[in-house]
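# Per-entry structural report
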Amino acid sequence: GEEGDDGIEIIIAADLAGDVTAFPVLISAESSTASDKEGTTPASEAVSRLLLGHTASMLTGVKVVTDENKKMRIITSDRDEKIRVSSFPATYVVEGYLLGHTAFVSAIDVASEKGCTRCVSCSGDGTVRLWNYETCEELALLEGVLKK
(Lines give C-alpha, C1' and ligand atoms only; values in the text may rest on other atoms or scores of the structure.)
Protein backbone atom coordinates (compact mmCIF):
# COMPACT_ATOMS: atom_id res chain seq x y z
CA GLY A 1 0.00 0.00 0.00
CA GLU A 2 0.84 3.65 -0.23
CA GLU A 3 0.45 6.40 2.34
CA GLY A 4 -2.19 8.99 1.48
CA ASP A 5 -1.96 12.71 2.13
CA ASP A 6 -3.59 12.29 5.55
CA GLY A 7 -1.14 9.63 6.80
CA ILE A 8 -3.52 6.68 6.35
CA GLU A 9 -2.17 3.61 4.57
CA ILE A 10 -4.12 2.93 1.37
CA ILE A 11 -4.39 0.32 -1.36
CA ILE A 12 -4.85 1.63 -4.90
CA ALA A 13 -6.85 -0.57 -7.26
CA ALA A 14 -8.08 -0.30 -10.85
CA ASP A 15 -11.25 -1.86 -12.23
CA LEU A 16 -12.54 -2.92 -15.64
CA ALA A 17 -14.69 0.22 -15.91
CA GLY A 18 -11.58 2.41 -16.09
CA ASP A 19 -11.65 3.77 -12.53
CA VAL A 20 -8.83 3.90 -9.98
CA THR A 21 -9.92 3.89 -6.33
CA ALA A 22 -8.00 4.32 -3.06
CA PHE A 23 -9.13 2.04 -0.24
CA PRO A 24 -8.02 2.70 3.36
CA VAL A 25 -6.22 -0.09 5.16
CA LEU A 26 -7.96 -0.47 8.49
CA ILE A 27 -5.52 -1.05 11.33
CA SER A 28 -6.50 -2.71 14.60
CA ALA A 29 -8.32 -0.41 17.04
CA GLU A 30 -5.37 -0.49 19.46
CA SER A 31 -2.78 0.78 16.96
CA SER A 32 -5.28 3.14 15.31
CA THR A 33 -6.11 4.90 18.59
CA ALA A 34 -2.45 5.19 19.54
CA SER A 35 -1.50 6.68 16.18
CA ASP A 36 -4.44 9.08 15.70
CA LYS A 37 -3.11 12.63 15.58
CA GLU A 38 -4.91 15.93 15.74
CA GLY A 39 -6.10 16.96 12.29
CA THR A 40 -6.00 13.49 10.74
CA THR A 41 -8.84 11.12 9.98
CA PRO A 42 -8.90 8.00 12.18
CA ALA A 43 -8.64 4.84 10.07
CA SER A 44 -12.04 3.70 11.39
CA GLU A 45 -13.66 6.76 9.73
CA ALA A 46 -11.78 6.57 6.43
CA VAL A 47 -13.73 5.72 3.27
CA SER A 48 -12.72 4.72 -0.21
CA ARG A 49 -12.13 7.53 -2.72
CA LEU A 50 -12.38 7.51 -6.49
CA LEU A 51 -9.05 8.89 -7.71
CA LEU A 52 -9.41 8.99 -11.48
CA GLY A 53 -11.06 7.37 -14.47
CA HIS A 54 -10.27 6.62 -18.08
CA THR A 55 -13.43 7.56 -19.96
CA ALA A 56 -15.14 4.45 -21.34
CA SER A 57 -11.95 2.41 -21.48
CA MET A 58 -10.81 -0.61 -19.51
CA LEU A 59 -7.61 -0.09 -17.54
CA THR A 60 -4.77 -2.48 -18.26
CA GLY A 61 -2.24 -1.20 -15.73
CA VAL A 62 -1.72 1.08 -12.75
CA LYS A 63 1.54 2.04 -11.04
CA VAL A 64 2.28 4.48 -8.22
CA VAL A 65 5.70 6.15 -8.28
CA THR A 66 7.51 8.52 -5.94
CA ASP A 67 10.46 10.63 -7.07
CA GLU A 68 13.46 11.81 -5.02
CA ASN A 69 11.51 14.90 -3.90
CA LYS A 70 8.67 12.72 -2.53
CA LYS A 71 6.36 13.82 -5.36
CA MET A 72 3.92 11.01 -6.13
CA ARG A 73 2.29 10.13 -9.44
CA ILE A 74 -0.10 7.47 -10.71
CA ILE A 75 0.64 6.04 -14.15
CA THR A 76 -2.31 4.26 -15.80
CA SER A 77 -2.71 2.50 -19.13
CA ASP A 78 -5.80 1.44 -21.05
CA ARG A 79 -7.04 -0.61 -23.97
CA ASP A 80 -7.35 2.54 -26.10
CA GLU A 81 -3.60 3.08 -26.63
CA LYS A 82 -3.21 5.68 -23.88
CA ILE A 83 -0.91 5.93 -20.88
CA ARG A 84 -1.73 8.77 -18.50
CA VAL A 85 0.50 10.37 -15.86
CA SER A 86 -1.49 11.96 -13.00
CA SER A 87 -0.39 13.71 -9.81
CA PHE A 88 -1.13 11.99 -6.50
CA PRO A 89 -3.04 12.62 -4.32
CA ALA A 90 -4.36 15.49 -6.51
CA THR A 91 -5.29 13.08 -9.29
CA TYR A 92 -7.42 15.68 -11.10
CA VAL A 93 -4.06 17.12 -12.25
CA VAL A 94 -3.10 15.24 -15.41
CA GLU A 95 0.62 15.85 -15.97
CA GLY A 96 0.63 14.35 -19.44
CA TYR A 97 0.18 11.36 -21.71
CA LEU A 98 2.63 8.82 -23.12
CA LEU A 99 1.33 8.49 -26.66
CA GLY A 100 2.58 6.40 -29.56
CA HIS A 101 0.97 2.96 -29.33
CA THR A 102 -1.57 2.17 -32.05
CA ALA A 103 -3.31 -0.72 -30.23
CA PHE A 104 -4.20 -1.57 -26.62
CA VAL A 105 -1.49 -1.18 -23.99
CA SER A 106 -1.10 -4.66 -22.49
CA ALA A 107 1.33 -3.84 -19.65
CA ILE A 108 3.34 -1.09 -18.01
CA ASP A 109 6.14 -1.15 -15.46
CA VAL A 110 8.32 1.47 -13.82
CA ALA A 111 12.01 1.54 -12.93
CA SER A 112 12.61 0.78 -9.27
CA GLU A 113 15.95 2.58 -9.09
CA LYS A 114 15.74 5.66 -6.88
CA GLY A 115 15.59 8.84 -8.95
CA CYS A 116 14.90 7.06 -12.23
CA THR A 117 11.84 8.44 -14.06
CA ARG A 118 11.56 5.74 -16.71
CA CYS A 119 8.80 3.31 -17.47
CA VAL A 120 8.23 0.69 -20.14
CA SER A 121 5.05 -0.27 -21.96
CA CYS A 122 4.09 -3.02 -24.37
CA SER A 123 1.17 -3.10 -26.73
CA GLY A 124 -0.94 -5.16 -29.08
CA ASP A 125 0.73 -3.22 -31.89
CA GLY A 126 3.84 -5.37 -31.34
CA THR A 127 5.97 -2.62 -29.83
CA VAL A 128 7.74 -2.07 -26.53
CA ARG A 129 8.41 1.55 -25.66
CA LEU A 130 10.66 3.18 -23.07
CA TRP A 131 9.43 6.49 -21.64
CA ASN A 132 10.48 9.27 -19.32
CA TYR A 133 7.21 9.69 -17.40
CA GLU A 134 8.32 13.02 -15.93
CA THR A 135 8.72 14.69 -19.34
CA CYS A 136 6.26 12.37 -21.20
CA GLU A 137 8.98 11.74 -23.78
CA GLU A 138 9.47 8.47 -25.67
CA LEU A 139 13.11 7.38 -25.26
CA ALA A 140 13.25 4.15 -27.23
CA LEU A 141 11.09 1.91 -29.45
CA LEU A 142 11.48 -1.81 -30.03
CA GLU A 143 9.36 -3.21 -32.83
CA GLY A 144 8.56 -6.91 -32.66
CA VAL A 145 7.18 -9.37 -35.13
CA LEU A 146 3.48 -10.10 -34.81
CA LYS A 147 2.57 -13.70 -35.55
CA LYS A 148 -0.60 -13.98 -37.61
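Residues numbered from 1 in each chain as written. Predicted model: local features only at pLDDT ≥ 70, side-chain atom pairs only at ≥ 80, totals over all residues. Heavy atoms only, no water.

### Remarks on the overall build of the protein
Worth spelling out the cut-off: Strands are runs of DSSP state E lasting at least two residues, helices are runs of H or I lasting at least four, and both sets are numbered from the N terminus onward. Throughout, exposure labels follow a simple rule: accessible area from a 1.4 Å probe, protein chains only, divided by the maximum for the residue type, with under 20% read as buried, over 50% as exposed, and the rest as partly exposed. Areas reported as accessible are Shrake-Rupley estimates using a 1.4 Å probe. Residue values count occlusion only from the protein chains shown.
If you tally the helices and strands in the protein, you get 1 helix and 12 strands. Walking the protein from its N terminus toward its C terminus, one meets helices and strands in the order β-β-β-α-β-β-β-β-β-β-β-β-β. The burial tally for the protein puts 34% of its 148 residues in the buried class. Total accessible area on the protein stands at roughly 8,800 Å², and carbon and sulfur atoms take up 51% of it.

### Comments concerning the sheet that holds strand 7 (residues 83-88)
The cut-off we apply is this: At least two DSSP bridges between two strands are required for those strands to pair. Axis definition: a line fit to C-alpha positions, over the contact stretch in the case of helices; interaxial angles, taken between N-to-C directions, run 0 to 180 degrees.
Strand order in the open sheet formed by 4 strands is 5-6-7-8, and the pairing between neighbours is antiparallel. What marks the edges here is a single partner per strand, and that holds for strand 5 (59-66) and strand 8 (94-98). Going across the sheet, the axis of each strand differs from the next one's by a mean of 20°, ignoring polarity. Across 4 bridges, strand 7 lies against strand 8 in antiparallel orientation. Directly across from V85, in strand 8, lies its bridge partner G96.

### Examining the nonpolar core
Across soluble globular proteins, nonpolar side chains show a tendency to be buried alongside one another. The cut-off we apply is this: What makes a nonpolar core is a set of buried Ala, Val, Leu, Ile, Met, Phe, Trp, Tyr and Cys residues whose side-chain atoms join them at distances within 4.5 Å. The contact criterion used throughout is that any non-hydrogen atoms of two residues lie within 4.5 Å.
V65, I75, I83, V85, L98, V105, I108, C119, W131 and Y133 form the largest nonpolar core, which has 10 residues in total. Elements that contribute at least two residues to this core include exactly strand 7 and strand 9 (105-110). Discounting chain neighbours no more than four positions away, the residues touching L98 are E81, I83, V85, C119, W131, N132, Y133 and C136.

### Examining the sheet that holds strand 12 (residues 137-143)
Judged by pairing direction, the sheet is antiparallel, and its 4 strands sit side by side in the order 9-10-11-12 without closing on themselves. A strand with exactly one partner marks an edge of an open sheet, and here the two such strands are strand 9 and strand 12. In this sheet, adjacent strand axes meet at a mean angle of 20° when their direction is disregarded. Pairing between strand 11 (residues 127-132) and strand 12: 6 bridges, direction antiparallel. Residue pairing across strands places T127 opposite E143, the latter belonging to strand 12.

### Quick look at the environment of W131
Rule in force here: Counted as a polar contact is a pair of N or O atoms within 3.5 Å, where, for protein atoms, one must be capable of donating a hydrogen and the other of accepting one, and residues adjacent in sequence contribute only when both atoms are in side chains.
Structurally, W131 is set in strand 11. A polar contact is formed between the side chain of W131 and the side chain of S121, at a distance of 2.8 Å.

### Comments concerning the environment of E134
Relative to the helices and strands, E134 is located in the loop between strand 11 and strand 12. Given a relative accessible area of 42%, E134 falls into the partly exposed group. Residues E134 and R73 lie 61 residues apart in sequence; the distance between their C-alpha atoms is 9.3 Å. Apart from residues no more than four positions distant in its own chain, E134 is found in contact with D67, R73 and T117.

### With respect to the environment of F104
Within the secondary structure layout, F104 lies in the loop between strand 8 and strand 9. Counting along the chain gives 45 residues from F104 to L59, while the straight-line C-alpha distance between them is 9.8 Å. For F104, the contacting residues outside a window of four places in its chain are D78, R79, E81, C122, S123 and G124.

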